Amino acid sequence: AVESGRAAGPLGRDDRSMTGSDVITGRLLDYEYAIDVDDADLRERLELVLVDSLSEVREPESIAIRRDDGGRFDITTSGVVMHAGLAPATALDALVWSLNRRSTVRRPGAPEPGEVMIHAGAVESEGAGVLVVGPSGSGKTTASIGAALRGFRFLTDDIVAVGRSGAVRGSR
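All of the points below concern the structure found in this document. (Residues numbered from 1 in each chain as written. Predicted model: local features only at pLDDT ≥ 70, side-chain atom pairs only at ≥ 80, totals over all residues. Heavy atoms only, no water.)

## A few points about the pattern of salt bridges
Part 1: Within this structure, the stated rule accounts for seven salt bridges.
Part 2: With a shortest N-O distance of 2.9 Å, Asp39 and Arg67 are connected by a salt bridge. Remark: Arg67 occurs in strand E5 (residues 61-67) and Asp39 occurs in the loop between strand E4 (31-37) and helix H2 (40-49); sequence separation between them is 28 residues.
Part 3: Relative accessible area serves as the criterion here: at 38%, Arg67 is assigned to the partly exposed category.
Part 4: Between Asp41 and Arg45 there is a salt bridge whose closest N-O contact spans 3.5 Å. Of this pair, Asp41 and Arg45 both sit in helix H2, four residues apart, which is roughly one turn of that helix. (Salt bridge = Lys/Arg side-chain N within 4 Å of Asp/Glu carboxyl O. Helix = DSSP H or I, 4+ residues; strand = E, 2+ residues; numbered from the N terminus. Buried < 20%, exposed > 50% of the residue type's maximum accessible area, 1.4 Å probe, protein only.)

## A word on the environment of Ala148
Part 1: With respect to the helices, strands and loops of the structure, Ala148 is situated in helix H4 (residues 140-149).
Part 2: Separated by 24 residues in sequence, Ala148 and Glu124 place their C-alpha atoms 8.7 Å apart.

This is the structure:
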């Protein structure tokens, strides 16, 4: 069980007592995650970007982000290395991209009837959505995260659902 965005350990204790770092938990569509981050700066930036998806979860996939002695990051999911030796500037991008990818790939029935899926980033402010469009590697993730860190609500950095009415839905 998870309360207030932190994973509870086997005896109901906060997982920080077991791992030495905060565990960030949440849900993107039907994908549940628990991210154990050992770097305070990266954890703070990740919480800002994922603030709208932080929630209690029941069966999260375990993700660990570890900073090595050289200042580079490794990201593992359920013990399998997803990314290794990432520079600090790209670690957040890689993690958010992976979360969005996992949430949309695992989602049964996507897209919803009447929706079209677009390869783009999306942020929102005061009810207005902004799509960040470009080919792979062009900076959609960086632009979406940058906007979120400056006050926009992060919706997605990879796949956007656009409905017939023009309504935009990210992987939330």
